Every structure is written in structure tokens, then in C-alpha cells.
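Notes for the structure review
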Amino acid sequence: MKAKNKFAAMLTVVTVGLTTSLSSVQAFSESSISENKRKPELVFPVISDVHIDDGSTADMNKFRTAMDQLNKAAPKQDAFVVVGDLTDYGYATEYDKFFSIYNEKKQADVQSMFTMGNHDYWNGLSVEKAQDRFLEKSGMDSLYYHKKVNGYDFITLSPENGNTHGLYSVNQINWLGEKLAAAEKENPDQPIFVFLHQHIKDTVYGSDLWGTQENKELLYDTLKKHPQVITFSGHSHYPLEDPRTIHQKDFTSVGTSSVSYLELEPGKLQGFHPEGYRDISQGMIVEVYNNEVIIKKRDFHKDDWTGKPWVIKNPSKKNKFKYTDDRDQLPPSFAGKDKASIVKEKSTLRSLNVTFPQAKDNLLVHSYHITAKNKETGELDADFTAFSEFYHEPVPKNLEFPVAGLKPGTDYEIKVQALDSYNNSSKKVLLADGQTKALEMVSAQASPSLVTTGESTTLQVKMKNFGNDSVKGKIKVDAPEGWSVEHNELEYELSGSEEKNLPIKAIPSKESSGSSQFTITAYEGGQIIGSKNINVFVNMMLGESFDRLDSALKPAVNENIPSSILGWSHTAPNGWSVTNSSNMPGGTEEWQGWSFTTKEFWTKAEDQDRSKFELGQGVIAVADPDEWDDNGSPASKGFFDSTLTSPSVKVEGAKDLYVGFASHYKQEGTQTAEVTAVFDNGEKQQVLVYDNKAASDNKNGHVLNKYEVKSIKVPEDASSMKLQWRMHNAKNNWFWSIDDIRLDDQMIVSPNYEKNR
């Protein structure tokens, strides 16, 4: 997960919803702006977290779109404010791209104001040099400063290092206090606008996790003396739809969301990066009238407003504050006819899908508390909350969620209760009954997986009945052309709680060579229970598909992926090894170096083009610095550096060898991926390199879903060789995944996957 330092990564999941919004947050039309005949004394947009990235044009396009819409919606602006994270890494080229767009689009007479964000420090420079670069590129006179715009005070702060929670020093805060006192003395009832990147702790939505920490009491106490202060802050990327994004207690605080992408609080089923989060882009326009401030919230991805404007009247009078913590005591409610139901065709061994209509609320239905009670034991086998998808437009009328972590062959009562942003819960709950499936195809593998002509292999299929009743079924073998199998279909019967291995002997034809894929499908009666692929390599020096690790896969540890999805392991195939650098910091457990995983598990952690690895089938090998950095921010302490090494292969007498493998790679920064042949005579030969240089195999670009074939020259005095796949020099960058590895002394032809899939 890209972007900023993360807390433990949470599940990104599938949720299915129909159309038609019933959120109480209603958009107002473009024309409604012109209905206000008053002329504002001051107009200024505020945006945040643009994250211009050298590795992508997506954020540049979003920024350009935002500027166009802000100019259209506010054709006469007095100021323009960006509260930090102009760039993703603070590189000079990223600043240049930001300002090429900004300078082209900004209005001629606008006063431009920028603050630094933590990302603007992440360029490898010292703190002082990173600040110098920001000042040089932005044209700001200093890191924190005060300006007058149409008689109103604008005070801009910046964090003084790149820490996630920022550092606002005592000196900066004391300076702020002096400026606030002077501004209030000059205009006692006039709003004072304060801009900073990180939220002030325990104010707006997102400030509990992403707010300031060091000197937070001093900062808050300095501001609380001046109730007419209105702060604007970003950093969290939390959406404008949630009513807590504006907060009033001792002063007014406003969250600005993000131009780049949406983020949410962890702990919900969808994770803090829900499906479609990169499509969401937001900002705001502030209009100031005599004793009134109106904040209009913009969805740039929709080219429209979102929700009703926030209206702050008499901002200097605390007794007039209405956006307070106790503003909402009304719970959400379901309609009398509303019911929940189980989607039977999606039931699995360890999960049930529940669907239900959305509740209604006076402000916002934020999430749902969902439980699954085991009818036999009375215990809750599942207990979680899920977002209402209030951040989408239209908000889905109906929702569907997987209830995972259940026991096979068990009856459950599913309960759904609605929650609003202030944790008010619906009095009515929706109930649904369902039963999980009992029969599982546990694994399928070939032993051995590498054979020569005339040798046989055994397809081992393991079935397990988790229920109490006896079941009957069959497995069907779809064999590659030219192979003879002992059984094309094999019937079985399993008593209650029985596990059984079903072996099937298979022999390749004399013409077979390369990789052969079997498809094994298991049935209970006429219903398909599951299907798995088995790869067998014929007449090759080395062949590996990693599918034999299927039975070694485990549930998530740091990733919030349902335990019903067994998807990763650090256990390498027999003869293979994974070696992590001793200097590599600990991060997300699942991705601590090369891991063996399924695409389903990998893409549920985060997609971002991971799902495009069509050549990867079954179990694949993955090195993922991006996901590795999502637990404890190890990239802030060191580099990802991990090597996957093959078994030793005899090469005596060979001159030219060929290695082929399916490769799926995204490039960013200094991240480097290499394939190296290591011979027993001490010689090392670089076979392939991906990095940020134009002359490399990837030409400083992504290599998505490609079957690579490379040649290797064997030294005359070498008798054995190992192959190494190494990912190193990586921070919070991207990933590399490989599969279907082949080594031979004959040219390897890229396989025809369309035929075998």
C-alpha cells in the first residue's frame, strides 16, 4: 500500500452493492452556488495531499482536474492553499511536475500558500536540505509564515521533519501564539485561518491516529485561547462526507481530505484502503462573509459537490458552535420491512455472505456491526464492523459482506446492526440463518513434480469431510495431451470428520516436454466443491511452479484477511531457500522477504495491478516491499533485501543453458531485481536485471505479466549451478512476483497459457 507510513495493513475486500443512494449526505448541484447573491469578502480553495509521484501520471491528472474544477467553481479566487504533501517523495522532479501544473492553472492575482508535509521530506536529503528544496521550489519565504489576504489573517505552519506525526517545535508554536494574539487584537471577532499538514490531535475525523503527537498539548492550548481560529489540515486522507471532518470545541478544525486518494480508519472489513479508494479525489472552497464562513466540499472525481456546505456563523463565539462532539444523539434505523438474507450460492466451508438493505440516519450511516453466532456452542465465531460505503456516490442501496472465520458444516445466526459516525446504534437488528459447507478439497500436488520420459508421477488429492454425516463424490482429472492417467474419474466416500488421500498415477508420453498442467475438480454429488491445478515438468534440468506448497499455506497474521483464506507461507519448496539480509528491518510478517502465496490472498492485501499477473497460477512467489512497509514502517529504517535460491543443478559438460520464468514486476525508485547464476567454481553471472536505468531489461519501467527467457553461459570448470532471484535496494516501492520456472539446455519457448488455462 503506497503513500505514507502505515499502521498494520487491513483487509481490502470485495463488497457488492446495488445502485441508488440513501445516504443522508446529499449532494447539492452546481447551480446552487449562483443562488447565493451575496458577494463574499474572501474566496480561497484548500486542498491537500496531492502526492505527485515520478513513477506515475495518475496524480498529475487528478491535480490538473482539481485545478480546472476549482477555477470553474470559483472564478475569482483571492488565495490558494495546499496543506502539505505536494509530492510523494520530495524529489526535485516531482516538485517541477507539481508547479508546472499549478503555475499553468492558477489565477493571475491569487496569493499562493503551501505548507510542507511529511512526504516532502522523504527524498534522502537532510532535514535542512529538504526544507531548502521546498522553499526554493514553492517560492515561500520561510517554513512558517503569516499573510494578510483582503484584511484576513492567514497563518501557515509546517512540520519540521518527515516523521509521520510531524514535529511543530516550541519555537514555531510560540511564534504562532504571538501571531494569533496580534490578529485577535486587531480584529477580535474576525476568523483567523491556520493551515498545517497534520491534524491537531483529537479534533477532526482521523486525528486520533494521524494527529500531531509531540508538543500536542502546547499546540492545542495555544489555539484554544482564540475561538475564532479555523484550522485546515490534511495528512489522513479521510473523506469529507463524514460529519466529524469538521470539529468545534475550543476552536474550529476542518479536515481537507486528499486530491490523491481516499483513506479510512483501520479495523473495518474493507480495510483503510477500500475498493476504489484511488478513484476518490476531494478538496474544498472557502467563502468568507461578514461573520460567516461557508465551506463547500468538492468531489473532483464526480465533478460535483458532496453534501451540504458547512456554515460557521460568528466563528469567534464558542456558544454558537454547532459542529460539536455531542451534536448527534439520534441512532440510525432500519425500515420495518427490512430483512437480511444469506446468499446461498456463495457459501463456503468457512464463510457465509450476508446481504441487507441500508439503514437511514439524520447525518450518516457510517458502518455496520455484524456477528455470527454458532448455534451449537452459542459463541460468536465472527464479530466485525464494515463501512456502509458512504464514501461512494451513489451510496449503495443494498450491501453484501462475507462473514468469514466460521467453522465448516455449522449452523449460524447472522446479526446486523447499523452505526452512525457518533457510535449511535440502531435499535432494530436484522437477522439471517445459514449453514457453512462441510466438504473441502484440501490440496492437490504431484510427487515427483519433475520427471523424465518413461517415469511416472502420482497426483495426490486430499479431501476432508468436516461434517458429521457421510458424503459421497468424485474427482475428475483433466490431463494434458499425451499423458496417460490411471483414472480420469475417481469416486470416493468420506465418513464424518474423515480425511482421505486419493492417489492417481500419471505417465507422460514420449513426446511430452516442458510443463504439463493437470486440472483436478472435486464434486459432492453433482456440485463442484473445488478445482486445483497441478504442474509437472518433463525432461527438464529444473522445473518449479510452487504449487506443491498449497498445503503449507497459512491464514493472515498482519494482513486483515479472513482466516478462511489460507494464502501465504515462508516455507520454500524442498531444495529451495529464502535468505533475507541481516540488515533488513522487520515489517509485515506475510511479506518479510520472498513469500509463497496465492493471487487471491495477494490481491486481497492490495491490488494495484497485482491481479494482472495472469501467467501466475496457483501458488506464486512474491517479493513485495510495498506491503512489507505497511507494518511498522520498516522502509524508514532500512531496505527490503531478500533472495530466493534454487536447488543445485548439475551442469557439467553443458555449454549453454536457458532459464524461463513468468515475471510480474513494477518499478519505482532505486528498487532493483536481479536473476543471477552462481556456479560452484565461484563465478557469478547476471542473467537479468530490473532497475531504474534505461539500459536494464525493464528499461526503467514496469514488466507486467511477461514470460522471460534468458541464456546462461556455463564456465568450462563448473559442475553445478544455483539460480538466485534477488529483490533489494527497495523502500516502500512496488513488487516482483514469479512463477513457472524452467531450466534446460534446450531453448525454452514461452508457454501457450491460453491453451492450458
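Whatever comes next refers back to the structure up there.
Reference entry: report on the structure contained in this document.

Here the focus is the packing of helix α3 (residues 92-105) against helix α4 (residues 127-138). Running from N to C, α3 and α4 point in directions that differ by 25°, and their axes come no closer than 10 Å. If you check the angle between α3 and α4, you find them roughly parallel. Every pair of crossing elements has a handedness; the one defined by α3 and α4 is right-handed. Mapping the contact onto sequence places A92, Y95, D96 and F99 in α3 and R133, F134, K137 and S138 in α4.

Let us now look at α4. The first and last C-alpha atoms of α4 sit 16 Å apart over 12 residues, in line with the 16 Å expected at 1.5 Å per residue. Turning to α4, its buried residues number three or more, namely A130, Q131, F134 and S138. Mapping the buried residues of α4 onto a view down its axis gives an arc of 100°, with all of them on the same face. Of the exposed residues in α4, the ones pointing more than 90 degrees away from its buried face are E128, K129 and E136. Summarising the contacts, the buried residues of α4 are in contact with α3 and β4 (111-115). Of the residues one or two after α4, G139 is the one with positive phi, at around 80°.

Moving on, we come to the sheet that holds strand β28 (residues 499-507). Pairing within the open sheet is antiparallel, and its 4 strands lie in the order β22-β24-β28-β26. The open sheet has two free edges, formed respectively by β22 (439-447) and β26 (484-485), since each of these has just one partner strand. Summarising the sheet, strand β24 (residues 457-465) and β28 pair through 8 bridges and their orientation is antiparallel. Within β28, the residue paired with T458 across the bridge is K505.

Turning our eyes to something else, we now look at the packing of aromatic side chains. In total, this model carries 42 aromatic pairs according to the counting rule given. Seen from their ring centres, F44 and F193 are 5.1 Å apart, and the 70° between their planes marks the pair as edge-to-face. With F44 in strand β2 (residues 42-47) and F193 in strand β7 (residues 192-195), the pair connects residues that are 149 residues apart, well separated along the chain. The exposure classification of F44 matches that of F193, with both residues buried. The interplanar angle of 15° and the centroid separation of 5.4 Å between the aromatic rings of F195 and F232 together place this pair among those described as stacked. Remark: F232 occurs in strand β8 (residues 229-233) and F195 occurs in strand β7; sequence separation between them is 37 residues. A single burial state applies to F195 and to F232, both of which are buried.

What counts, and where the lines are drawn
- Residues numbered from 1 in each chain as written.
- Predicted model: local features only at pLDDT ≥ 70, side-chain atom pairs only at ≥ 80, totals over all residues.
- Heavy atoms only, no water.
- Axes fitted to C-alpha atoms, helices over the stretch in contact; angles between N-to-C directions.
- Helix = DSSP H or I, 4+ residues; strand = E, 2+ residues; numbered from the N terminus.
- Parallel < 35°, antiparallel > 145°, perpendicular 65-115°, else oblique.
- Left-handed = near helix turned anticlockwise from the far one by under 90°.
- Contact = heavy atoms within 4.5 Å.
- Expected span 1.5 Å × (residues − 1).
- Buried < 20%, exposed > 50% of the residue type's maximum accessible area, 1.4 Å probe, protein only.
- Arc of directions from axis to C-beta.
- Pairing = 2+ DSSP bridges.
- Phe/Tyr/Trp six-rings, centres within 6.5 Å; stacked < 30°, edge-to-face > 60°.

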